[in-house]
Amino acid sequence: MEKSVRQALDYAIKKGFQIHPGVVGLLREVEARDLDKIIRDVVREKAVNRDYHIGLDDMMGYLGLDVDDSLRSDHTILFDCTAGITIPEGVEGYTSLFQSRFEKMKELMRERPVAGKVRNAASIKVGSDEEIYAWGLVADKRVDENSARLTIEDTSGVIEGVIMDENVMEEVGELFLDQFVMVRVNARRRIEFTEIMQPDVPGHKFNRSESETFAAFLSDLHVGSRFFMEGELRAFFRWLSGPDPYARRVRFVMIAGDVVDGVGIFADQDKELVQQTTQKQFEKATQLLRLIPPHIKVFVSPGNHDPGRRALPQPSIPKEDGPGLWGMENVYMVGNPAMVSINGVKVLMFHGQSIDDIVKTTRGMEYNNPAKIMKKIMKSRHLSPIYGSQTPIAPEREDLMVIDDIPDVFHAGHVHINEFDSHNGVLLINSGTWQAQTPFQESVGQVPTPCQAVLLNLKTFKLFVKQF
Ligand code: D5M
Ligand code: FE
Ligand code: ZN
(Lines give C-alpha, C1' and ligand atoms only; values in the text may rest on other atoms or scores of the structure.)
(Ligands and ions follow the chains in the order given, each with its own letter.)
Protein backbone atom coordinates (compact mmCIF):
# COMPACT_ATOMS: atom_id res chain seq x y z
CA MET A 1 0.00 0.00 0.00
CA GLU A 2 1.25 3.50 -0.78
CA LYS A 3 2.78 5.31 2.18
CA SER A 4 0.37 8.25 1.98
CA VAL A 5 -2.69 5.96 2.06
CA ARG A 6 -1.21 4.01 4.97
CA GLN A 7 -0.62 7.27 6.87
CA ALA A 8 -4.15 8.49 6.24
CA LEU A 9 -5.61 5.20 7.49
CA ASP A 10 -3.35 5.18 10.53
CA TYR A 11 -4.47 8.67 11.41
CA ALA A 12 -8.14 7.67 11.41
CA ILE A 13 -7.52 4.39 13.24
CA LYS A 14 -5.58 6.20 15.97
CA LYS A 15 -8.58 8.46 16.44
CA GLY A 16 -10.66 5.36 17.11
CA PHE A 17 -12.32 4.99 13.71
CA GLN A 18 -13.42 1.85 11.93
CA ILE A 19 -12.87 1.99 8.21
CA HIS A 20 -14.79 0.15 5.53
CA PRO A 21 -12.36 -1.90 3.38
CA GLY A 22 -13.68 -0.28 0.20
CA VAL A 23 -12.47 3.09 1.46
CA VAL A 24 -8.88 1.93 1.00
CA GLY A 25 -9.41 1.54 -2.74
CA LEU A 26 -11.03 4.96 -2.93
CA LEU A 27 -8.16 6.64 -1.08
CA ARG A 28 -5.74 5.14 -3.57
CA GLU A 29 -7.40 7.18 -6.29
CA VAL A 30 -6.87 10.43 -4.39
CA GLU A 31 -3.81 12.63 -5.08
CA ALA A 32 -1.26 12.05 -2.31
CA ARG A 33 -1.03 15.75 -1.45
CA ASP A 34 -4.83 15.99 -0.85
CA LEU A 35 -5.08 12.86 1.27
CA ASP A 36 -4.01 14.35 4.56
CA LYS A 37 -6.54 17.18 4.43
CA ILE A 38 -9.38 14.91 3.33
CA ILE A 39 -8.87 12.37 6.08
CA ARG A 40 -8.59 15.10 8.74
CA ASP A 41 -11.82 16.71 7.50
CA VAL A 42 -13.68 13.40 7.52
CA VAL A 43 -12.45 12.49 10.99
CA ARG A 44 -13.31 15.92 12.42
CA GLU A 45 -16.78 16.03 10.95
CA LYS A 46 -17.69 12.48 11.95
CA ALA A 47 -16.28 12.83 15.47
CA VAL A 48 -18.57 15.82 16.05
CA ASN A 49 -21.51 13.47 15.39
CA ARG A 50 -19.95 10.72 17.50
CA ASP A 51 -19.98 8.46 14.47
CA TYR A 52 -16.76 6.48 14.42
CA HIS A 53 -17.25 4.50 11.26
CA ILE A 54 -16.10 5.64 7.82
CA GLY A 55 -18.30 3.92 5.27
CA LEU A 56 -17.90 3.63 1.55
CA ASP A 57 -20.77 6.00 0.76
CA ASP A 58 -19.44 8.54 3.35
CA MET A 59 -16.10 8.62 1.66
CA MET A 60 -17.64 8.88 -1.79
CA GLY A 61 -19.55 11.90 -0.55
CA TYR A 62 -16.40 13.59 0.74
CA LEU A 63 -14.70 12.98 -2.56
CA GLY A 64 -17.55 14.60 -4.43
CA LEU A 65 -18.73 11.27 -5.83
CA ASP A 66 -22.27 11.81 -4.64
CA VAL A 67 -24.89 9.29 -5.59
CA ASP A 68 -27.21 10.72 -8.22
CA ASP A 69 -30.65 10.21 -6.67
CA SER A 70 -32.42 10.92 -9.93
CA LEU A 71 -31.32 7.51 -11.19
CA ARG A 72 -34.01 5.10 -10.09
CA SER A 73 -33.06 1.73 -8.65
CA ASP A 74 -36.37 -0.06 -8.14
CA HIS A 75 -36.58 -3.79 -8.10
CA THR A 76 -39.18 -6.54 -7.79
CA ILE A 77 -38.42 -10.22 -7.56
CA LEU A 78 -41.06 -11.45 -9.99
CA PHE A 79 -40.21 -15.11 -9.71
CA ASP A 80 -37.88 -17.10 -7.51
CA CYS A 81 -37.95 -20.88 -7.88
CA THR A 82 -36.95 -21.21 -4.20
CA ALA A 83 -40.54 -20.55 -3.15
CA GLY A 84 -41.97 -23.17 -5.51
CA ILE A 85 -39.66 -26.03 -4.60
CA THR A 86 -41.31 -29.01 -2.93
CA ILE A 87 -39.92 -32.23 -1.54
CA PRO A 88 -39.03 -34.56 -4.44
CA GLU A 89 -41.41 -37.47 -4.84
CA GLY A 90 -39.47 -39.98 -6.92
CA VAL A 91 -41.14 -41.55 -9.94
CA GLU A 92 -44.52 -40.01 -9.25
CA GLY A 93 -42.84 -36.64 -9.08
CA TYR A 94 -41.40 -37.09 -12.55
CA THR A 95 -44.81 -37.97 -13.95
CA SER A 96 -46.26 -34.75 -12.60
CA LEU A 97 -43.18 -32.77 -13.67
CA PHE A 98 -43.61 -33.78 -17.30
CA GLN A 99 -47.37 -33.38 -17.13
CA SER A 100 -46.85 -29.87 -15.81
CA ARG A 101 -44.37 -29.13 -18.60
CA PHE A 102 -46.83 -30.41 -21.20
CA GLU A 103 -49.74 -28.41 -19.79
CA LYS A 104 -47.76 -25.18 -19.51
CA MET A 105 -46.38 -25.52 -23.02
CA LYS A 106 -49.82 -26.24 -24.48
CA GLU A 107 -50.99 -23.06 -22.83
CA LEU A 108 -48.18 -21.12 -24.52
CA MET A 109 -49.30 -22.39 -27.93
CA ARG A 110 -53.03 -22.29 -27.48
CA GLU A 111 -53.32 -18.95 -29.28
CA ARG A 112 -51.97 -20.39 -32.53
CA PRO A 113 -54.70 -20.57 -35.18
CA VAL A 114 -54.02 -24.26 -35.86
CA ALA A 115 -54.12 -25.28 -32.20
CA GLY A 116 -57.73 -26.33 -32.71
CA LYS A 117 -56.62 -28.97 -35.20
CA VAL A 118 -54.39 -30.82 -32.72
CA ARG A 119 -55.24 -34.51 -32.15
CA ASN A 120 -54.14 -36.97 -29.52
CA ALA A 121 -50.99 -38.76 -30.68
CA ALA A 122 -52.51 -42.20 -30.14
CA SER A 123 -55.57 -41.40 -32.25
CA ILE A 124 -53.72 -40.50 -35.45
CA LYS A 125 -53.88 -43.32 -38.00
CA VAL A 126 -52.54 -43.63 -41.54
CA GLY A 127 -55.17 -42.99 -44.22
CA SER A 128 -56.60 -39.69 -43.06
CA ASP A 129 -57.06 -36.90 -45.59
CA GLU A 130 -57.56 -34.14 -43.06
CA GLU A 131 -55.10 -31.47 -41.98
CA ILE A 132 -53.90 -32.74 -38.62
CA TYR A 133 -51.53 -31.42 -35.97
CA ALA A 134 -50.01 -33.05 -32.90
CA TRP A 135 -47.98 -31.76 -30.01
CA GLY A 136 -45.84 -33.24 -27.30
CA LEU A 137 -42.37 -33.61 -25.87
CA VAL A 138 -39.52 -34.82 -28.07
CA ALA A 139 -38.95 -38.47 -27.07
CA ASP A 140 -36.51 -39.36 -29.83
CA LYS A 141 -34.96 -37.92 -32.96
CA ARG A 142 -32.72 -39.32 -35.66
CA VAL A 143 -31.29 -37.39 -38.56
CA ASP A 144 -29.76 -39.30 -41.46
CA GLU A 145 -28.50 -38.08 -44.78
CA ASN A 146 -31.79 -38.00 -46.68
CA SER A 147 -34.43 -38.11 -44.00
CA ALA A 148 -35.10 -37.69 -40.34
CA ARG A 149 -37.42 -39.33 -37.83
CA LEU A 150 -38.99 -37.67 -34.85
CA THR A 151 -41.00 -39.20 -32.02
CA ILE A 152 -43.13 -37.02 -29.80
CA GLU A 153 -45.12 -37.97 -26.75
CA ASP A 154 -48.32 -36.53 -25.32
CA THR A 155 -50.54 -37.85 -22.53
CA SER A 156 -52.23 -40.38 -24.87
CA GLY A 157 -49.06 -41.98 -26.20
CA VAL A 158 -46.43 -41.45 -28.87
CA ILE A 159 -46.39 -40.63 -32.56
CA GLU A 160 -43.39 -41.15 -34.81
CA GLY A 161 -43.09 -39.35 -38.10
CA VAL A 162 -40.67 -39.21 -40.98
CA ILE A 163 -39.33 -35.86 -42.21
CA MET A 164 -38.31 -35.45 -45.86
CA ASP A 165 -38.11 -31.67 -46.24
CA GLU A 166 -34.53 -30.47 -45.93
CA ASN A 167 -35.30 -27.38 -43.86
CA VAL A 168 -37.52 -29.29 -41.47
CA MET A 169 -34.81 -31.95 -41.17
CA GLU A 170 -32.36 -29.34 -40.06
CA GLU A 171 -34.78 -28.07 -37.48
CA VAL A 172 -35.21 -31.62 -36.14
CA GLY A 173 -31.44 -31.88 -35.67
CA GLU A 174 -31.46 -28.72 -33.59
CA LEU A 175 -34.38 -29.72 -31.35
CA PHE A 176 -33.57 -30.52 -27.74
CA LEU A 177 -34.65 -33.87 -26.34
CA ASP A 178 -37.72 -33.53 -24.08
CA GLN A 179 -38.59 -30.09 -25.40
CA PHE A 180 -42.12 -29.29 -26.54
CA VAL A 181 -43.01 -29.10 -30.22
CA MET A 182 -46.08 -28.94 -32.37
CA VAL A 183 -46.01 -30.76 -35.72
CA ARG A 184 -48.10 -30.71 -38.86
CA VAL A 185 -48.93 -34.29 -39.78
CA ASN A 186 -49.54 -35.66 -43.25
CA ALA A 187 -51.13 -39.07 -42.60
CA ARG A 188 -52.35 -39.92 -46.09
CA ARG A 189 -49.99 -42.79 -46.90
CA ARG A 190 -47.67 -42.78 -43.90
CA ILE A 191 -47.02 -40.51 -40.93
CA GLU A 192 -44.98 -37.61 -42.19
CA PHE A 193 -44.23 -34.41 -40.28
CA THR A 194 -44.19 -31.53 -42.74
CA GLU A 195 -43.73 -28.63 -40.36
CA ILE A 196 -42.39 -28.10 -36.85
CA MET A 197 -43.50 -25.28 -34.61
CA GLN A 198 -41.82 -24.29 -31.37
CA PRO A 199 -43.39 -22.06 -28.72
CA ASP A 200 -40.74 -19.33 -29.28
CA VAL A 201 -41.24 -15.69 -28.20
CA PRO A 202 -43.74 -14.16 -30.56
CA GLY A 203 -44.32 -10.42 -30.42
CA HIS A 204 -42.52 -9.55 -27.22
CA LYS A 205 -43.23 -6.01 -26.04
CA PHE A 206 -40.09 -4.96 -24.24
CA ASN A 207 -39.75 -2.93 -21.08
CA ARG A 208 -37.16 -0.21 -20.65
CA SER A 209 -35.97 1.84 -17.70
CA GLU A 210 -37.04 5.50 -17.68
CA SER A 211 -33.63 6.63 -16.49
CA GLU A 212 -30.24 5.74 -17.95
CA THR A 213 -29.39 3.46 -15.08
CA PHE A 214 -26.81 0.75 -15.68
CA ALA A 215 -26.75 -2.87 -14.60
CA ALA A 216 -23.61 -5.02 -14.47
CA PHE A 217 -23.77 -8.72 -15.32
CA LEU A 218 -21.38 -11.26 -13.82
CA SER A 219 -21.17 -14.98 -13.30
CA ASP A 220 -18.72 -17.72 -12.43
CA LEU A 221 -16.55 -15.90 -9.93
CA HIS A 222 -15.29 -19.21 -8.49
CA VAL A 223 -14.05 -17.64 -5.26
CA GLY A 224 -11.81 -20.16 -3.50
CA SER A 225 -10.23 -21.50 -6.67
CA ARG A 226 -6.53 -20.97 -7.34
CA PHE A 227 -7.64 -19.67 -10.72
CA PHE A 228 -10.06 -17.07 -9.34
CA MET A 229 -8.79 -13.69 -10.54
CA GLU A 230 -9.24 -11.83 -7.29
CA GLY A 231 -7.19 -8.76 -8.18
CA GLU A 232 -9.25 -8.11 -11.30
CA LEU A 233 -12.57 -8.56 -9.51
CA ARG A 234 -11.41 -6.23 -6.75
CA ALA A 235 -10.44 -3.68 -9.39
CA PHE A 236 -13.91 -3.93 -10.92
CA PHE A 237 -15.72 -3.59 -7.59
CA ARG A 238 -13.51 -0.62 -6.70
CA TRP A 239 -14.23 0.93 -10.09
CA LEU A 240 -17.92 0.87 -9.11
CA SER A 241 -17.30 3.45 -6.38
CA GLY A 242 -14.89 5.53 -8.43
CA PRO A 243 -15.40 8.62 -10.61
CA ASP A 244 -15.93 6.95 -14.02
CA PRO A 245 -19.18 8.38 -15.48
CA TYR A 246 -20.45 4.89 -16.37
CA ALA A 247 -19.61 3.54 -12.93
CA ARG A 248 -21.56 6.44 -11.40
CA ARG A 249 -24.67 5.14 -13.19
CA VAL A 250 -24.51 1.52 -12.08
CA ARG A 251 -27.30 0.62 -9.63
CA PHE A 252 -27.55 -3.15 -10.09
CA VAL A 253 -25.11 -6.05 -10.11
CA MET A 254 -26.50 -9.39 -11.27
CA ILE A 255 -24.51 -12.55 -10.44
CA ALA A 256 -25.68 -15.72 -12.18
CA GLY A 257 -24.05 -18.52 -10.24
CA ASP A 258 -20.78 -20.25 -9.41
CA VAL A 259 -20.08 -17.60 -6.79
CA VAL A 260 -17.64 -19.95 -5.07
CA ASP A 261 -15.67 -22.90 -6.43
CA GLY A 262 -17.16 -25.17 -3.76
CA VAL A 263 -15.71 -28.33 -2.26
CA GLY A 264 -15.86 -31.84 -3.72
CA ILE A 265 -17.42 -30.68 -6.98
CA PHE A 266 -14.89 -32.61 -9.07
CA ALA A 267 -12.16 -35.16 -8.33
CA ASP A 268 -9.07 -33.85 -6.56
CA GLN A 269 -10.54 -30.37 -6.36
CA ASP A 270 -8.70 -29.66 -3.10
CA LYS A 271 -5.46 -29.32 -5.07
CA GLU A 272 -6.98 -26.40 -6.97
CA LEU A 273 -8.39 -24.58 -3.93
CA VAL A 274 -7.00 -21.69 -1.95
CA GLN A 275 -9.82 -21.85 0.62
CA GLN A 276 -10.59 -25.48 1.50
CA THR A 277 -14.07 -24.98 3.00
CA THR A 278 -17.16 -23.33 1.57
CA GLN A 279 -17.34 -21.33 4.78
CA LYS A 280 -13.94 -19.76 4.08
CA GLN A 281 -14.84 -19.28 0.42
CA PHE A 282 -18.00 -17.39 1.36
CA GLU A 283 -16.13 -15.29 3.90
CA LYS A 284 -13.87 -14.24 1.05
CA ALA A 285 -16.80 -13.66 -1.32
CA THR A 286 -18.54 -11.53 1.31
CA GLN A 287 -15.42 -9.48 1.89
CA LEU A 288 -15.23 -8.80 -1.84
CA LEU A 289 -18.91 -8.00 -2.34
CA ARG A 290 -18.62 -5.46 0.47
CA LEU A 291 -16.46 -3.42 -1.87
CA ILE A 292 -19.58 -2.75 -3.94
CA PRO A 293 -21.03 0.54 -2.67
CA PRO A 294 -24.31 0.13 -0.76
CA HIS A 295 -26.35 2.22 -3.22
CA ILE A 296 -25.92 -0.67 -5.71
CA LYS A 297 -28.29 -3.62 -5.38
CA VAL A 298 -26.71 -7.04 -5.85
CA PHE A 299 -28.68 -10.14 -6.90
CA VAL A 300 -27.05 -13.52 -6.38
CA SER A 301 -28.33 -16.81 -7.77
CA PRO A 302 -26.51 -20.15 -7.41
CA GLY A 303 -24.66 -22.35 -9.90
CA ASN A 304 -23.48 -25.95 -9.90
CA HIS A 305 -20.40 -25.11 -7.78
CA ASP A 306 -22.41 -23.40 -5.02
CA PRO A 307 -23.73 -25.20 -1.92
CA GLY A 308 -27.35 -26.17 -1.46
CA ARG A 309 -29.36 -28.52 -3.63
CA ARG A 310 -27.54 -29.71 -6.73
CA ALA A 311 -30.61 -30.63 -8.77
CA LEU A 312 -32.42 -28.00 -10.81
CA PRO A 313 -34.33 -25.87 -10.03
CA GLN A 314 -31.88 -24.77 -7.35
CA PRO A 315 -33.04 -22.87 -4.29
CA SER A 316 -31.06 -19.81 -3.25
CA ILE A 317 -27.70 -20.41 -1.53
CA PRO A 318 -28.67 -21.49 2.02
CA LYS A 319 -28.26 -18.95 4.80
CA GLU A 320 -26.02 -21.28 6.79
CA ASP A 321 -23.59 -21.52 3.88
CA GLY A 322 -23.43 -17.86 2.99
CA PRO A 323 -24.41 -15.99 6.16
CA GLY A 324 -22.25 -13.01 5.27
CA LEU A 325 -24.02 -12.45 1.97
CA TRP A 326 -27.45 -12.98 3.54
CA GLY A 327 -26.55 -10.38 6.11
CA MET A 328 -25.76 -7.62 3.63
CA GLU A 329 -28.49 -5.06 3.19
CA ASN A 330 -27.91 -4.48 -0.51
CA VAL A 331 -27.62 -8.20 -1.41
CA TYR A 332 -30.64 -10.25 -2.52
CA MET A 333 -30.25 -14.02 -2.60
CA VAL A 334 -32.47 -15.69 -5.22
CA GLY A 335 -32.78 -19.16 -6.74
CA ASN A 336 -31.72 -20.59 -10.06
CA PRO A 337 -33.78 -19.72 -12.06
CA ALA A 338 -35.22 -16.38 -10.95
CA MET A 339 -36.78 -13.39 -12.68
CA VAL A 340 -35.99 -9.96 -11.28
CA SER A 341 -37.40 -6.71 -12.57
CA ILE A 342 -34.85 -3.87 -12.32
CA ASN A 343 -36.32 -0.48 -13.11
CA GLY A 344 -39.04 -2.36 -14.97
CA VAL A 345 -36.63 -4.41 -17.10
CA LYS A 346 -37.24 -8.12 -16.59
CA VAL A 347 -34.04 -10.11 -16.15
CA LEU A 348 -34.18 -13.90 -16.20
CA MET A 349 -31.22 -15.31 -14.28
CA PHE A 350 -30.19 -18.89 -14.94
CA HIS A 351 -26.74 -20.36 -14.38
CA GLY A 352 -26.88 -22.46 -17.55
CA GLN A 353 -25.82 -25.93 -16.52
CA SER A 354 -28.20 -27.46 -19.07
CA ILE A 355 -25.87 -26.13 -21.76
CA ASP A 356 -23.63 -29.19 -21.07
CA ASP A 357 -26.43 -31.56 -22.07
CA ILE A 358 -27.43 -29.44 -25.03
CA VAL A 359 -23.88 -29.44 -26.41
CA LYS A 360 -23.69 -33.21 -25.98
CA THR A 361 -26.94 -34.10 -27.65
CA THR A 362 -27.73 -31.38 -30.18
CA ARG A 363 -26.35 -30.70 -33.62
CA GLY A 364 -24.52 -27.44 -34.21
CA MET A 365 -24.31 -26.45 -30.52
CA GLU A 366 -20.86 -25.64 -29.17
CA TYR A 367 -19.39 -24.28 -25.94
CA ASN A 368 -17.80 -21.46 -27.92
CA ASN A 369 -21.20 -20.02 -28.86
CA PRO A 370 -23.30 -19.92 -25.72
CA ALA A 371 -25.52 -17.16 -27.11
CA LYS A 372 -26.59 -19.42 -29.97
CA ILE A 373 -27.62 -22.02 -27.41
CA MET A 374 -29.44 -19.37 -25.35
CA LYS A 375 -31.37 -18.43 -28.49
CA LYS A 376 -32.55 -22.02 -28.87
CA ILE A 377 -33.44 -22.14 -25.18
CA MET A 378 -35.66 -19.08 -25.67
CA LYS A 379 -37.22 -20.71 -28.73
CA SER A 380 -37.99 -23.87 -26.80
CA ARG A 381 -39.25 -21.80 -23.84
CA HIS A 382 -37.53 -24.18 -21.44
CA LEU A 383 -34.31 -23.63 -19.48
CA SER A 384 -33.30 -27.24 -18.99
CA PRO A 385 -35.41 -29.59 -21.10
CA ILE A 386 -33.11 -32.63 -21.39
CA TYR A 387 -33.79 -35.25 -18.75
CA GLY A 388 -31.46 -38.10 -17.82
CA SER A 389 -28.20 -36.63 -19.07
CA GLN A 390 -25.62 -34.83 -16.93
CA THR A 391 -27.73 -32.10 -15.33
CA PRO A 392 -29.69 -33.43 -12.37
CA ILE A 393 -33.35 -32.40 -12.45
CA ALA A 394 -35.58 -32.68 -9.40
CA PRO A 395 -39.01 -34.34 -9.66
CA GLU A 396 -40.94 -31.19 -8.84
CA ARG A 397 -44.71 -31.20 -9.02
CA GLU A 398 -44.60 -28.07 -11.13
CA ASP A 399 -42.07 -27.54 -13.90
CA LEU A 400 -40.48 -24.29 -12.75
CA MET A 401 -38.08 -24.17 -15.66
CA VAL A 402 -40.66 -23.46 -18.31
CA ILE A 403 -40.12 -19.87 -19.47
CA ASP A 404 -43.78 -18.80 -19.10
CA ASP A 405 -43.01 -15.15 -18.70
CA ILE A 406 -40.87 -13.62 -21.48
CA PRO A 407 -37.88 -11.69 -20.10
CA ASP A 408 -36.28 -8.57 -21.56
CA VAL A 409 -32.84 -9.92 -20.69
CA PHE A 410 -31.89 -13.57 -20.46
CA HIS A 411 -28.73 -13.78 -18.36
CA ALA A 412 -26.71 -16.99 -18.07
CA GLY A 413 -23.12 -18.06 -17.42
CA HIS A 414 -21.54 -21.48 -16.84
CA VAL A 415 -19.49 -21.73 -20.04
CA HIS A 416 -17.03 -19.00 -19.01
CA ILE A 417 -17.26 -17.27 -22.38
CA ASN A 418 -18.77 -13.82 -22.90
CA GLU A 419 -21.23 -13.68 -25.75
CA PHE A 420 -24.28 -11.59 -26.59
CA ASP A 421 -27.09 -11.75 -29.06
CA SER A 422 -30.77 -10.99 -29.19
CA HIS A 423 -33.77 -13.04 -30.14
CA ASN A 424 -37.09 -11.43 -31.06
CA GLY A 425 -36.37 -8.51 -28.76
CA VAL A 426 -34.93 -10.55 -25.87
CA LEU A 427 -31.34 -9.59 -25.09
CA LEU A 428 -29.16 -12.65 -24.47
CA ILE A 429 -26.13 -12.20 -22.22
CA ASN A 430 -23.63 -14.84 -21.30
CA SER A 431 -21.52 -13.03 -18.79
CA GLY A 432 -18.32 -15.08 -18.91
CA THR A 433 -16.21 -15.58 -15.80
CA TRP A 434 -13.68 -14.21 -13.31
CA GLN A 435 -11.69 -17.42 -13.29
CA ALA A 436 -8.64 -18.11 -15.45
CA GLN A 437 -8.46 -21.27 -17.55
CA THR A 438 -8.49 -24.35 -15.31
CA PRO A 439 -6.50 -27.54 -16.06
CA PHE A 440 -9.80 -29.25 -16.94
CA GLN A 441 -10.74 -26.54 -19.41
CA GLU A 442 -7.28 -26.70 -20.91
CA SER A 443 -7.58 -30.46 -21.34
CA VAL A 444 -10.83 -30.10 -23.33
CA GLY A 445 -9.69 -27.02 -25.26
CA GLN A 446 -12.07 -24.50 -23.66
CA VAL A 447 -10.63 -21.00 -23.71
CA PRO A 448 -12.42 -18.70 -21.26
CA THR A 449 -12.79 -14.92 -21.57
CA PRO A 450 -12.19 -13.84 -17.96
CA CYS A 451 -12.71 -10.46 -16.29
CA GLN A 452 -14.97 -8.82 -18.85
CA ALA A 453 -17.58 -6.86 -16.96
CA VAL A 454 -20.80 -6.54 -18.96
CA LEU A 455 -22.65 -3.25 -18.47
CA LEU A 456 -26.11 -2.55 -19.84
CA ASN A 457 -27.80 0.82 -20.13
CA LEU A 458 -31.31 -0.15 -19.05
CA LYS A 459 -32.90 2.69 -21.03
CA THR A 460 -31.14 2.45 -24.40
CA PHE A 461 -30.20 -1.24 -24.12
CA LYS A 462 -26.71 -0.39 -25.28
CA LEU A 463 -24.12 -2.88 -24.00
CA PHE A 464 -20.59 -2.07 -22.90
CA VAL A 465 -17.84 -4.50 -22.06
CA LYS A 466 -15.08 -3.39 -19.75
CA GLN A 467 -12.01 -5.55 -19.46
CA PHE A 468 -10.28 -5.70 -16.09
O1 D5M B 1 -18.05 -25.10 -15.88
C2 D5M B 1 -16.99 -24.50 -16.56
C3 D5M B 1 -16.92 -24.97 -17.98
O4 D5M B 1 -16.55 -26.32 -18.04
C5 D5M B 1 -18.21 -24.87 -18.74
O6 D5M B 1 -17.91 -24.49 -20.07
C7 D5M B 1 -18.75 -26.26 -18.75
C8 D5M B 1 -17.51 -27.06 -18.76
N9 D5M B 1 -17.72 -28.34 -18.15
C10 D5M B 1 -17.92 -28.59 -16.86
N11 D5M B 1 -18.08 -29.91 -16.66
C12 D5M B 1 -17.95 -30.49 -17.87
C13 D5M B 1 -17.98 -31.83 -18.35
N14 D5M B 1 -18.18 -32.86 -17.51
N15 D5M B 1 -17.80 -32.05 -19.67
C16 D5M B 1 -17.57 -31.02 -20.50
N17 D5M B 1 -17.52 -29.74 -20.11
C18 D5M B 1 -17.72 -29.49 -18.82
P19 D5M B 1 -18.11 -25.05 -14.30
O20 D5M B 1 -19.53 -25.25 -13.93
O21 D5M B 1 -17.59 -23.73 -13.86
O22 D5M B 1 -17.22 -26.16 -13.80
FE1 FE C 1 -18.47 -21.86 -13.63
ZN1 ZN D 1 -20.99 -23.69 -13.77
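Residues numbered from 1 in each chain as written. Chains lettered and ligands numbered in written order. Predicted model: local features only at pLDDT ≥ 70, side-chain atom pairs only at ≥ 80, totals over all residues. Heavy atoms only, no water.

Q: Pulling in residues and values, what's your account of the pattern of salt bridges?
A: Inspection of the entire model under this criterion finds 30 salt bridges. Notably, a salt bridge pairs Lys106 with Glu103, separated by 3.4 Å at the nearest N-O pair. A residue pair is termed a helical-turn pair when its members lie 3 or 4 positions apart in one helix, as Lys106 and Glu103 do in helix H6 (residues 90–109) at 3 residues. For Glu103, a relative accessible area of 37% translates into the label partly exposed. (Salt bridge = Lys/Arg side-chain N within 4 Å of Asp/Glu carboxyl O. Helix = DSSP H or I, 4+ residues; strand = E, 2+ residues; numbered from the N terminus. Buried < 20%, exposed > 50% of the residue type's maximum accessible area, 1.4 Å probe, protein only.)

Q: Talk me through the side chain of Glu396; I want residue IDs and the actual numbers.
A: Here Glu396 lies in the loop between helix H12 (370–380) and strand E15 (409–412). The exposure class assigned to Glu396 is buried, which follows from its relative accessible area of 1%. Of the polar contacts made by the side chain of Glu396, one reaches the side chain of Thr86; its length is 2.7 Å. Residues contacting Glu396, with those up to four places away along its chain left out, are Gly84, Ile85, Thr86, Gly93, Ser96, Leu97, Arg309 and Pro313. (Polar contact = N/O pair within 3.5 Å; in protein donor to acceptor, adjacent residues only side chain to side chain. Contact = heavy atoms within 4.5 Å.)

Q: Give a description of the site of ligand 1 that names residues and reports values.
A: Among the 14 residues in the neighbourhood of ligand 1, the closest are listed as Asn304, His305, His414, His416 and Gln446. Residue His414 places a side-chain N or O atom 3.0 Å away from an oxygen atom belonging to ligand 1. Protein contact buries 78% of the 470 Å² of open area that ligand 1 shows by itself. Taking a 2 Å distance to the grid points as the criterion, the majority of the atoms of ligand 1 fall inside the largest pocket. In the shell around ligand 1, the residues fall into 3 nonpolar, 8 polar and 3 charged. (Near = heavy atom within 4 Å. Areas by Shrake-Rupley, 256 points an atom, 1.4 Å probe, with all protein chains shown as cover. 1 Å grid on protein atoms, 1.4 Å probe; cavity = no way out; pocket = protein on both sides within 12 Å on 5 of 7 lines; lining within 4 Å. Sits in = over half its atoms within 2 Å of the grid points. Nonpolar A, V, L, I, M, F, W, Y, C, P; charged D, E, K, R; others polar.)

Q: Tell me what's going on with the coordination of the zinc ion (ligand 3), and back it up with residues and numbers.
A: All of the protein donors around the zinc ion (ligand 3) are Asp258 (OD), Asn304 (OD1), His351 (NE2) and His414 (ND1); their distances to the metal are 2.2 to 2.3 Å. Considered as a linear motif, the donors of the zinc ion (ligand 3) on their single chain read D-x45-N-x46-H-x62-H. (Donors = N, O, S within 2.8 Å, 3.2 Å for Na, K, Ca; no water.)

Q: Residues and numbers for the environment of Ala285, please.
A: With respect to the helices, strands and loops of the structure, Ala285 is situated in helix H9 (residues 278–289). In this structure Ala285 comes out as buried when scored by relative accessible area, which is 1%. Taking the C-alpha atoms as reference points, Ala285 and Lys466, separated by 181 residues in sequence, lie 21 Å from one another. Once residues within four sequence positions are removed from consideration, Ala285 is found in contact with Val223, Val259 and Leu325.

Q: Report on the sheet that holds strand E3 (residues 75–80), specifying residues and quantitative values.
A: Strand order across the open sheet formed by 6 strands is E3-E13-E14-E15-E17-E16, with mixed pairing between neighbours. The open sheet terminates on both sides in strands that have one partner only, identified here as E3 and strand E16 (418–423). The mean angle between the axes of side-by-side strands here comes to 20°, regardless of whether they run parallel or antiparallel. Where E16 meets strand E17 (residues 426–431), 6 bridges bridge the pair, whose relative direction is antiparallel. Across the sheet, the residue bridging to Asn418 is Ser431, located in E17. Sheet contacts for H12: E15, E16 and E17; angle to E16, the most-contacted strand, approximately 35°. (Pairing = 2+ DSSP bridges. Axes fitted to C-alpha atoms, helices over the stretch in contact; angles between N-to-C directions.)

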